[in-house]
Amino acid sequence: MSVTRERSGALDTARIRADFPVLERTVGDKPLVYLDSAATSQKPRQVIEAEADFYAHHNANAHRGIYLLAEEATSMYEEARAKLARFIGAPDPATIVFTRGTTESTNLVAYAWARRELREGDEILLTEMEHHSNIVPWQLAARDTGAVLRYLPLTDDGLLDLSDLGSLLTERTKLLAVTGMSNSLGTLPPIRELIRAAHAVGALVLVDGAQLVPHVPVDVTELDCDFLTISGHKMLGPTASGGLYAKRELLERMDAFLGGGHMIDEVFHDRSTWNAVPYKFEAGTMNIAQEIALGAAIDYLEALGMDNVRAHEVELTGYALERLREVGARIFGPLDPSIRGGAISFWYKDVHPHDLATILNEEGIAIRAGHHCTQLVMRRYGVPATARASFYVYNTSEEVDALVEALAKAEAVFGL
Ligand code: 7TS
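Okay, so let's go over this structure.

## Thoughts on the pairing of strand β14 (residues 344–348)
Moving on, step 1. Buried residues dominate β14, accounting for five of its five residues.
Moving on, step 2. Residues Ile344, Phe346 and Tyr348 line one face of β14 and the alternating positions Ser345 and Trp347 line the opposite face, and both faces are buried.
Moving on, step 3. One ladder, built from four bridges, connects strand β13 (residues 329–332) with β14; its direction is antiparallel. Note that in β14 the partner of Phe332 across the bridge is Ser345.
Moving on, step 4. Where β14 meets strand β17 (residues 386–389), three bridges bridge the pair, whose relative direction is antiparallel. When the bridges of β17 are listed, Ile344 appears paired with Ala389.

## So, the pairing of strand β9 (residues 227–231)
Moving on, step 1. By the criterion of burial, β9 is predominantly enclosed, with five of the five residues buried.
Moving on, step 2. Neither face of β9 is left uncovered, since the one carrying Phe227, Thr229 and Ser231 and the one carrying Leu228 and Ile230 both have all their residues buried.
Moving on, step 3. Inspection of the sheet shows β9 paired to strand β10 (residues 242–246) by five bridges, in the antiparallel sense. Across the sheet, Ser231 pairs through a bridge with Gly242, a residue of β10.

## Examining a nonpolar patch on the surface
Moving on, step 1. Taken together, the side chains of Tyr67, Leu68 and Leu69 define a hydrophobic patch exposed on the protein surface, amounting to about 310 Å² of accessible area.
Moving on, step 2. Summarising the element assignment, Leu68 is placed in helix α3 (residues 68–87).

## Quick look at the nonpolar core
Moving on, step 1. In terms of nonpolar packing, the biggest core is built from 77 residues, with Ile88, Leu228, Met235, Leu236, Val393 and Tyr394 touching the most fellow members.
Moving on, step 2. Top contributing element to this core by residue count: helix α11 (residues 288–304), with eleven residues.
Moving on, step 3. Excluding residues that lie within four positions of it along the chain, Leu228 makes contacts with Ile88, Val207, Gly209, Val213, Val218, Val220, Gly243, Leu244 and Tyr245.
Moving on, step 4. Leu316, Tyr319, Ile331 and Phe346 belong to the second-largest nonpolar core, a separate cluster that totals 29 residues.

The rules behind the values
Residues numbered from 1 in each chain as written. Predicted model: local features only at pLDDT ≥ 70, side-chain atom pairs only at ≥ 80, totals over all residues. Heavy atoms only, no water. Buried < 20%, exposed > 50% of the residue type's maximum accessible area, 1.4 Å probe, protein only. Helix = DSSP H or I, 4+ residues; strand = E, 2+ residues; numbered from the N terminus. Pairing = 2+ DSSP bridges. Patch = residues over 30% accessible without salt bridge, like charges linked within 9 Å, V, L, I, M, F, W, Y side chains within 5 Å. Areas by Shrake-Rupley, 256 points an atom, 1.4 Å probe, with all protein chains shown as cover. Salt bridge = Lys/Arg side-chain N within 4 Å of Asp/Glu carboxyl O. Core = buried A, V, L, I, M, F, W, Y, C linked by side-chain atoms within 4.5 Å. Contact = heavy atoms within 4.5 Å.

Here's what the structure looks like:
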């Protein structure tokens, strides 16, 4: 075998794995090999304990009462907001609206910004590698406003094809909505350049950060994006944690989204006025425990260092791509780990991805098979589905080896 196995220099995976209780379990009699972190990451005990600690010792509604528990709940919730702001380089915690994740954040912008600002004939520019949650909300907004959707196409190697950028991104474009990292191809689009080009024609930019924020150091101030969506559950946090970053002047101008308690300033019989940002967008009782535990996830990632998180991913992805190619897997997406993340879509020989995932499950290996909520990607490359392995801080080169060895078993089962 030509591959040299280098140990990850960036992260101490043995120490990290000891923090993740679920990694101790077995699947049948096989140790769990979890290669589906693009769908959701596993949680370290620090995050599980932070959520339990809130319920056990501080539980009260935030921003409601003036008794001790309510004040503790409020200050823990706001501390989590400040942590998330700092983690992505946001200038001010008020630029972070807590949401249940990327899908809700994108819909918030589609309702509170797009429906107010877009007119017939305005254009929204998307890419063919977007997750459905960065397509469907814009289709609905376009339907309601008369705006038109355009798409940046893909190259055969899974990159954005920017050769027609000049005719697709024009003065008619009001919004460019682009993923920071593709969940099915792994691609890291050149968002810095795209943001600059969009601003040059007066368009705003929403970066889908669902995959980017967990894996790559992000600084929204330096990027100068207008909106960034964040899913906490993909970055070691609980499900239903996450947020939306938006420039403050946009949040001020945007319409309210959900109406209800706490998002108002004053309520009259026929109208209401809105609370200050970000509370204007946080109606009703929020996901308090989850956002507080997301704060613990951020502490965990910061202790590892996001540069190290990224370096580990580059190393492991490079190794996995090399090994998968060596055994004849067809990779969808770029082959250079320096321009991509760790979600690797592939076909192995002629084994259907669903059959492959079923056989790998018998070996204790969890991968995802399907269209990964990116049907435009599947259509572009002429496949109904792909198998996808994806990595995070706890994955090791031994787990990549286990994946590759299990492929040989699938081959034997199917007599290929
Ligand atoms: N955008 C991207 C790029 C994603 O990968 C996902 C989830 C979303 C948006 C939606 O995030 P949510 O937290 O609101 O669900 N991606 C996947 C996946 O690849 N497999 O399961 C969910």
